[in-house]
Amino acid sequence: MRYWLLLLTGFGFAVAGGTVTITYLNLVPAGLTWIEFIIFIRTRLECYLFPTGILMITIALILMED
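Treat the numbers as computed from the prediction; the structure is a model and nothing was measured. (Residues numbered from 1 in each chain as written. Predicted model: local features only at pLDDT ≥ 70, side-chain atom pairs only at ≥ 80, totals over all residues. Heavy atoms only, no water.)

K.L.:
Requested: an account of the nonpolar core, with residues and values cited.
P.N.:
The biggest cluster of nonpolar side chains holds 5 residues, and these are Y24, V28, F37, I41 and C47. Setting aside chain neighbours within four positions, we find C47 in contact with V20, T21, Y24 and I41. (Core = buried A, V, L, I, M, F, W, Y, C linked by side-chain atoms within 4.5 Å. Buried < 20%, exposed > 50% of the residue type's maximum accessible area, 1.4 Å probe, protein only. Contact = heavy atoms within 4.5 Å.)

Below, the structure is given as structure tokens:
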């Protein structure tokens, strides 16, 4: 049961982080270069939710196989 909770929490984090990152992509047509965009999202805490969620999903799936 706890692995499912980890999986679903990771999925929620990945969706939230991915949505925010895609939303920030609107800054590129507004004049930011790709390098400036990468530097910008590295400073935003909510953009780290996506890799954290993917990691949580991976851990949950690996532990469910046991």
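K.L.:
Residues and numbers for the packing of helix α1 (residues 2-24) against helix α3 (residues 49-64), please.
P.N.:
Running from N to C, α1 and α3 cross one another at 155°; their axes reach a closest spacing of 7 Å. Between α1 and α3, the crossing angle belongs to the class labelled roughly antiparallel. For the pair α1 and α3, the crossing hand works out as left-handed. Counted together, Y3, W4, L6, L7, T9, G10, F11, F13, A14, A16, G17 and G18 of α1 and L49, F50, T52, G53, I54, M56, I57, I59, A60, L61, L63 and M64 of α3 form the full contact between these two elements. Tallied by class, the residues present in the contact of α1 with α3 amount to 18 nonpolar, 6 polar and no charged. (Axes fitted to C-alpha atoms, helices over the stretch in contact; angles between N-to-C directions. Helix = DSSP H or I, 4+ residues; strand = E, 2+ residues; numbered from the N terminus. Parallel < 35°, antiparallel > 145°, perpendicular 65-115°, else oblique. Left-handed = near helix turned anticlockwise from the far one by under 90°. Nonpolar A, V, L, I, M, F, W, Y, C, P; charged D, E, K, R; others polar.)

K.L.:
I'd like a description of the environment of F40, backed by residues and values.
P.N.:
Secondary-structure assignment places F40 in helix α2 (residues 34-43). The exposure class of F40 is partly exposed, given its relative accessible area of 26%. Filtering out sequence-adjacent residues up to four positions away, F40 remains in contact with Y24 and L27.

K.L.:
Let's hear about a nonpolar patch on the surface: which residues, and what values?
P.N.:
There is a patch of nonpolar side chains on the surface, built from L55, I59, I62 and L63 and spanning about 340 Å² of accessible area. Its place among the elements puts I59 in helix α3. (Patch = residues over 30% accessible without salt bridge, like charges linked within 9 Å, V, L, I, M, F, W, Y side chains within 5 Å. Areas by Shrake-Rupley, 256 points an atom, 1.4 Å probe, with all protein chains shown as cover. Salt bridge = Lys/Arg side-chain N within 4 Å of Asp/Glu carboxyl O.)

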